[in-house]
Amino acid sequence: MSATLQLVLLLGIIIFAAKVGGLLSMRLGQPAVLGELLAGLILGPTVFDLLGAAAFASSHIGETIVELGELGVIFLMFTAGLEVDFAELVKAGRAAMSAGVLGVVVPLILGALVALAFGFPLMNSIFIGLILTATSVSISAQTLLELGFMRSKEGLALLGAAVIDDVIVVLLLSVLLALFGVGHGEVGMIFARMAVFGVGATIIGVWVLPRALRWINRLPISEGEMAFVISVTFGYAWAAEYVGTLAAITGAFIAGVFFARTPLRHSIIQRMRTLTYAFFVPIFLISIGLKANARLLGLDGLLFAGMIILAAIVGKVLGCGLGARLGKFSTREALRVGVGMISRGEVGLIVAAIVLGDGLITQAVYSTMVVMVLATTLVTPILLRWVFLKAEVKHGEPTRARAG
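Note that the coordinates shown come from a computational prediction; the quantities given were computed from them, not determined experimentally.

So what exactly am I meant to see when it comes to the overall build of the chain here?
Across its full length, the chain holds 16 helices and zero strands. In terms of C-alpha radius of gyration, the chain reaches 21 Å, essentially the compact-globule figure of 22 Å for 404 residues. Taken over the C-alpha atoms alone, the chain extends approximately 65 × 55 × 50 Å along its principal axes. Within the chain, the proportion of its 404 residues that are buried is 54%. Counting contacts in the chain only where the partners sit at least 6 residues apart, residues at least 24 apart contribute 81% of the total. Distance between charge centres in the chain, computed from 27 positive and 22 negative side chains, equals 10 Å.

Help me understand a negative patch on the surface in this model?
Residues Glu-63, Glu-67, Glu-70 and Glu-241 make up a contiguous surface patch of negative charge. Residue placement: Glu-63 occurs in helix α3 (residues 61–82). Given a relative accessible area of 47%, Glu-63 falls into the partly exposed group.

Which parts of the structure should I look at to understand helix α1 (residues 3–27)?
In this model, α1 (25 residues) spans 36 Å end to end at C-alpha, consistent with the 36 Å of a helix rising 1.5 Å per residue. Turning to α1, its buried residues number three or more, namely Gln-6, Leu-10, Leu-11, Ile-14, Ala-17, Ala-18, Gly-21, Gly-22 and Ser-25.

In this structure, what is going on with the packing of helix α10 (residues 224–242) against helix α11 (residues 248–259)? I would like to understand it.
Orientation of α10 relative to α11, taken along the N-to-C sense of each, is 135 degrees, at an axis distance of 7 Å. When the axis of α10 is compared with that of α11, the two are oblique. Helix-helix and strand crossings are classified by hand; for α10 and α11 the assignment is right-handed. Residues Phe-228, Val-229, Val-232, Thr-233, Tyr-236, Ala-237, Ala-240 and Glu-241 of α10 form the contact with α11, whose participating residues are Ala-248, Gly-251, Ala-252, Ile-254, Ala-255, Phe-258 and Phe-259.

Please explain the layout of surface pockets as it appears in this structure.
Taking a probe equal in size to a water molecule and rolling it over the atoms shows the remaining empty space. Space inside the second largest pocket adds up to approximately 620 Å³. Lining the second largest pocket are 24 residues; nearest its centre among them are Phe-86, Leu-89, Val-163, Phe-253 and Ile-254. When residues of the lining of the second largest pocket are traced back to their parent elements, those giving at least two are α4 (86–91), α5 (93–117), α8 (153–179), α9 (187–217) and α11. Looking at which element gives the most residues to the lining of the second largest pocket, the answer is α8, with six residues. Among the residues making up the lining of the second largest pocket, the classes are represented as 19 nonpolar, five polar and no charged.

Help me understand empty space enclosed by the protein in this model?
Under the defined criterion, the tally for this structure stands at one cavity of 30 Å³ or more. Considered as a void within the structure, the largest cavity measures approximately 110 Å³ in volume. If you go around the largest cavity, you meet 13 residues; those closest to its centre are Val-137, Ala-162, Val-163, Ile-249 and Thr-250. The dominant element in the lining of the largest cavity, judged by the number of residues it contributes, is α8, at four residues. Tallied by class, the residues present in the lining of the largest cavity amount to nine nonpolar, three polar and one charged.

Would you explain a nonpolar patch on the surface in this entry?
Together, Met-97, Val-101, Val-105, Ile-109, Leu-113, Leu-116 and Leu-122 line one region of the surface with nonpolar side chains, adding up to about 590 Å² of accessible area. It is α5 that provides the largest number of residues to the nonpolar patch, a total of six residues. With respect to the element layout, Val-105 can be found in helix α5. The exposure class assigned to Val-105 is partly exposed, which follows from its relative accessible area of 37%.

Help me understand the packing of aromatic side chains, please; the structure alone is not making it clear to me.
Each aromatic ring pair is specified by the distance between its two centres and by the angle formed by the two planes. Throughout the structure, instances matching the rule amount to 10 aromatic pairs. The ring of Phe-329 has Lys-153 lying over it, and the distance from NZ or CZ to the ring centre is 4.6 Å.

Explanation requested: the pattern of salt bridges in the structure shown.
Opposite charge on two side chains lets them pair, provided their charged atoms get close. Within this structure, the stated rule accounts for six salt bridges. Glu-83 is the salt-bridge partner of Arg-151, the closest N and O atoms lying 3.3 Å from each other. Note that Arg-151 is positioned in the loop between α7 (138–147) and α8 and Glu-83 in the loop between α3 and α4, a separation of 68 residues in sequence. Note that Arg-271 and Glu-223 form a salt bridge whose closest N and O atoms lie 2.4 Å from each other. Within this pair, whereas Arg-271 is found in helix α12 (residues 265–291), its partner Glu-223 is found in the loop between α9 and α10, the two being separated by 48 residues in sequence. You can call Arg-271 partly exposed: its relative accessible area is 31%.

Explain the environment of Ile-126 here, please?
Position of Ile-126 relative to the elements: it lies in helix α6 (residues 122–131). C-alpha separation for the pair Ile-126 and Leu-176, spaced 50 residues apart in sequence, amounts to 8.8 Å. Among all residues touching Ile-126, those that are not within four sequence positions of it are Leu-108, Ala-112, Leu-176 and Phe-180.

Conventions we followed
Residues numbered from 1 in each chain as written. Predicted model: local features only at pLDDT ≥ 70, side-chain atom pairs only at ≥ 80, totals over all residues. Heavy atoms only, no water. Helix = DSSP H or I, 4+ residues; strand = E, 2+ residues; numbered from the N terminus. Rg over C-alpha atoms; globule rule 2.2 N^0.38 Å. Buried < 20%, exposed > 50% of the residue type's maximum accessible area, 1.4 Å probe, protein only. Contact = heavy atoms within 4.5 Å. Lys, Arg positive; Asp, Glu negative; His and termini not counted. Charge placed at Lys NZ, Arg CZ, Asp CG, Glu CD. Patch = residues over 30% accessible without salt bridge, like charges linked within 9 Å, V, L, I, M, F, W, Y side chains within 5 Å. Areas by Shrake-Rupley, 256 points an atom, 1.4 Å probe, with all protein chains shown as cover. Salt bridge = Lys/Arg side-chain N within 4 Å of Asp/Glu carboxyl O. Expected span 1.5 Å × (residues − 1). Axes fitted to C-alpha atoms, helices over the stretch in contact; angles between N-to-C directions. Parallel < 35°, antiparallel > 145°, perpendicular 65-115°, else oblique. Left-handed = near helix turned anticlockwise from the far one by under 90°. 1 Å grid on protein atoms, 1.4 Å probe; cavity = no way out; pocket = protein on both sides within 12 Å on 5 of 7 lines; lining within 4 Å. Points joined across faces, edges and corners; volume = space filled by probe spheres on them. Nonpolar A, V, L, I, M, F, W, Y, C, P; charged D, E, K, R; others polar. Phe/Tyr/Trp six-rings, centres within 6.5 Å; stacked < 30°, edge-to-face > 60°. Lys NZ or Arg CZ within 6 Å of the ring centre and 35° of its normal.

Here is the structure:
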């Protein structure tokens, strides 16, 4: 069977499994995203190892699925940005800033303390703690979109905090690498690159995009509007990482926020949701499980992994929750922000890969971090549904979820 046919078959299985998992999860009263993540875990090397089957022997098929999954998270974060009202996002700025800062500091300290308790040297312990600091808000965004709370006060705050979190983690990684003599660039240059991206993205987003979108909408091009939207989204994602040293998903989110300010916002949302949730997001969610192999952890690493996972969860809930309280949020609202920041993902794994490459952690520790990412990703939608819907149902305002 050719590589193309293998890919076609695998994509069919992945999308079908994701939707079935999402449906079963909703029947059990949980967000669809949880079932999709579990479906990926079952299909992955932890249980069935689908990619190891003879039918998928192509050497590049796994890489293709991962790359399509990365496109999925870009589209997901763009869609999240479309749901955001810029004025409301600015209003949440104080809470987002304090939640973003403390959401880095507290997990770093807890993670380093856990590593020290298990006998790791101070330098290595600091970098282990650093891996716990990076939030991946994509899972929270997917869950909040399902539950209908993306535009809530807490939803906007955690999205803003995630962007701030991303900036701080990149800067902190660069500072620590330079401090310990393994730096890859000057901190001042990183600040400058972030500033260049920020200024350029704002100029284009505020003055260029609305006019270009109106002009393209008048041209006799089939789906010219959506082609332009997708091209700009990819451009922002590329520029965020290549120019601004940030995560590509941060650029995609920012692009969504700017497109949300245009008169064609609702048209873009409706058409983008079909592309995103029918194809790309299921692949992204399944690919998380396909990359994780809990069998590699072994019995010896279970206690360390358990403590790291606990530090990762408690660190974000306490740090981001306290930050939100300092931003004048109520205790319940602050808890929601803290829970929404629990999930780790691609940014954390990027940090872990850099630290591993510099010899600051071992392959066993890296495997533990992959398990931590998976565990925090799985627990986030469950806790988010609980902290958001429990109070709403008490007030007689239940929100109906829909499979993504």
